[in-house]
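Each chain, written out:
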Amino acid sequence: MKRAIILPLVYFVSAGLIFSQENQETRKEPRAISTKEYEHTENTENSGEVTKLSVEDAVSLAKKNNVSISRAQITLDAAKRAKDHSWNSISPTASLSASSSIPIDALSDNDAGYNASFGISATVSLSLSANLYTTMNSAKISYESGKLDFNDAVRSIELSVRETYYGLLYEQENIILQEKNLEIARTQYKNNLAKYNQGRLSEIDVLSAEVNYKSKIPTVESARTTFRNDMASFKQALGLPIDERIELTGSLDDMMNLNEIKVEMKDINSSTIKTLEYKLEAAKNTVLDKRFSAFAPSLSASLDWSDKTWYSGYDESVVGKAKSDPEKSTSVTLKVSIPLDGVLPWSSRNDAIDSAKDTVKDLELQIEDEKKSLMRTIIQSVRSIKQSQESIKYKQANVELAQKTYDMTQEAYNRGTKDLLTLQDANTSLLNAQVTLKSETLTLIKAILELENTIGADFGTLGVEK
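Just so it is clear, the model here is predicted, and its values are computed rather than measured. (Residues numbered from 1 in each chain as written. Predicted model: local features only at pLDDT ≥ 70, side-chain atom pairs only at ≥ 80, totals over all residues. Heavy atoms only, no water.)

Novice: It is not clear to me how the overall build of the chain should be interpreted in this structure. Could you clarify?
Specialist: Tallying secondary structure elements over the chain gives 10 helices and 6 strands in all. Out of the 466 residues belonging to the chain, those deemed buried represent 33%. A total of about 28,800 Å² of accessible surface is found on the chain, and carbon and sulfur atoms cover 53% of it. (Helix = DSSP H or I, 4+ residues; strand = E, 2+ residues; numbered from the N terminus. Buried < 20%, exposed > 50% of the residue type's maximum accessible area, 1.4 Å probe, protein only. Areas by Shrake-Rupley, 256 points an atom, 1.4 Å probe, with all protein chains shown as cover.)

Novice: Just checking my understanding: could you explain a nonpolar patch on the surface for this structure?
Specialist: Nonpolar side chains collect at one region of the surface, where Leu126, Leu128, Leu299, Val336, Ile338 and Leu340 lie side by side and expose about 550 Å² of accessible area between them. Within the secondary structure layout, isoleucine 338 lies in the loop between strand S6 (327-337) and helix H9 (348-415). (Patch = residues over 30% accessible without salt bridge, like charges linked within 9 Å, V, L, I, M, F, W, Y side chains within 5 Å. Salt bridge = Lys/Arg side-chain N within 4 Å of Asp/Glu carboxyl O.)

Novice: Got a minute to help me understand empty space enclosed by the protein in this structure?
Specialist: Which parts of space are left empty comes out when a probe the size of a water molecule is rolled across the atoms. Taken as a whole and judged by the stated rule, the model has 1 cavity of 30 Å³ or more. What the largest cavity holds in volume is close to 50 Å³. Lining the largest cavity are Leu177, Lys180, Asn181, Ile184, Gln403, Asn427, Leu430, Leu431 and Gln434. Looking at the lining of the largest cavity, the elements with two or more residues in it are helix H5 (131-197) and helix H10 (420-455). Grouping the amino acids of the lining of the largest cavity by side-chain chemistry returns 4 nonpolar, 4 polar and 1 charged. (1 Å grid on protein atoms, 1.4 Å probe; cavity = no way out; pocket = protein on both sides within 12 Å on 5 of 7 lines; lining within 4 Å. Points joined across faces, edges and corners; volume = space filled by probe spheres on them. Nonpolar A, V, L, I, M, F, W, Y, C, P; charged D, E, K, R; others polar.)

Novice: Would you mind showing me how to read the packing of helix H7 (residues 271-295) against H9 here?
Specialist: The axes of two packed helices give the description: the angle between them and the distance between them. Where H7 contacts H9, the two axes come as close as 9 Å, and the packing angle between them is 165 degrees. Relative to H9, H7 is oriented roughly antiparallel. In this structure, H7 meets H9 at a crossing whose hand is left-handed. The residue inventory of the contact of H7 with H9, partitioned by class, reads 14 nonpolar, 6 polar and 10 charged. (Axes fitted to C-alpha atoms, helices over the stretch in contact; angles between N-to-C directions. Parallel < 35°, antiparallel > 145°, perpendicular 65-115°, else oblique. Left-handed = near helix turned anticlockwise from the far one by under 90°.)

Novice: Hey, could you run me through the packing of aromatic side chains in this one?
Specialist: All told, the structure shown has 3 aromatic pairs when counted by the stated rule. Look at tyrosine 165 and tyrosine 166: their rings are 5.8 Å apart centre to centre, the planes differ by 85 degrees, and that puts the pair in the edge-to-face class. For the pair tyrosine 165 and tyrosine 166, one class covers both residues: buried. Ring centres of tyrosine 189 and tyrosine 213 lie 6.1 Å apart, and the angle between their planes is 25 degrees; this geometry places the pair in the stacked category. A residue pair is termed long-range when its members are at least 10 positions apart, and tyrosine 189 in helix H5 and tyrosine 213 in helix H6 (residues 203-238) qualify at 24 residues. You can call tyrosine 189 buried: its relative accessible area is 3%. (Phe/Tyr/Trp six-rings, centres within 6.5 Å; stacked < 30°, edge-to-face > 60°.)

Novice: Looking at this model, I keep getting lost on the nonpolar core. Mind explaining?
Specialist: When a protein is soluble and globular, its nonpolar side chains tend to lie buried together. If you look at the biggest cluster of nonpolar residues, it comprises 73 residues, and the most contacted ones within it are Val161, Tyr165, Tyr166, Phe234 and Leu238. Taken together, the elements giving at least two residues each to this core come down to helix H3 (55-65), helix H4 (67-84), H5, H6, strand S4 (246-248), H9 and H10. No other element matches H5, which puts 19 residues into this core. In this structure phenylalanine 234 touches Leu53, Ala58, Val161, Thr164, Tyr165, Leu168, Ile246 and Leu248, once residues within four positions along its chain are discounted. In terms of nonpolar packing, the next biggest core, distinct from the first, is built from 8 residues, Leu276, Val287, Ala356 and Val360 among them. (Core = buried A, V, L, I, M, F, W, Y, C linked by side-chain atoms within 4.5 Å. Contact = heavy atoms within 4.5 Å.)

Novice: Can you walk me through the environment of glutamate 210 in this structure?
Specialist: Looking at the element boundaries, glutamate 210 is found in helix H6. Linking glutamate 210 and tyrosine 189, residues 21 residues apart in sequence, is a C-alpha distance of 5.6 Å.

Right, here's the structure in full:
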């Protein structure tokens, strides 16, 4: 009975040893996935020169090539044309007409006495009203508002380009950190495999290192794919060919040590308030226009000239009377129109005036409320930026601490006083600290850009020594 139990046990142990030896013989060292190899595969389709691109270069390209800016320019040109031609309502109108009559008898064998009669007439008319002033003023206000809208469109594109540029820098630097983390995991796996093959480490430690290494590969590949897709969208926004190779020359580290952000009242140039002010100006012009329509007289003048009854083939013997001279006439008409329903307080024109006044009052309230809202937004933004700057200082210290902890843990692991899991945790903590610092820096950059856009300041000027 004992023999029956011992023999299978010996066989099982022997088989396990054989399998372990085969596993040692077939286990290979991990191959590094290098950044250069990735860049090579990415650029095989386009092996041309690399275009180095700073954030200012990107903004210049966007202003030159972006479709949205080109469309906004068309709208602005149309507004300018309307302003330049707003006086055309006083341009005189002219008409010229000619007439001819042929008697039916002239078309038959009977003699009608003449073949045809001819006539010509011309009219020139002109009208003037007080509304001409408000029409021209309205076109002027629309053009000035259109220039503001165009400037807002350009700033909106610039804001988007700058945010995207720094977002790509974050993705690029995140890839570098993830690749470095992957390389550390690969090195740990490689070292553990060597120790295992020498019989100095258990297989469970090798498997743990292998899982840790291979689990990081999809994270790196996902970050690379996201970066490539976002870069393609960025190229389209700049008007560049999708397959053109570009290199971002900036760094998030340049934005970590900005000065304290301060906003002076004299520097505030809010486009939102300006837009409301143009709307208020247009509303006041509408009030004046309604008043002109209700009370102001209008003048019209016309000149009519005609020369009629020219005959062709006139026969006095048939007609029975001598041919008369052509009928010529000239007349001048002047007309003055004075509206009277404006004096009636319940008339529709008076109601239109009151409605226009209501619009003016509403816009004045909107402007006052927007000014308060703007100040609140600026204060909140400055406060958030200050908090973010303080947070960056703490996170920089946290990165230094995490780096020191990792270095000490790695040294202890090499001496055998720390296990692999502790080393992996230290590595993960270091990566998280580095990524968190980069993310906070990107948050700070976007907050500053949004504040610059809100107050109408030039982008890239806040926090920079002048």
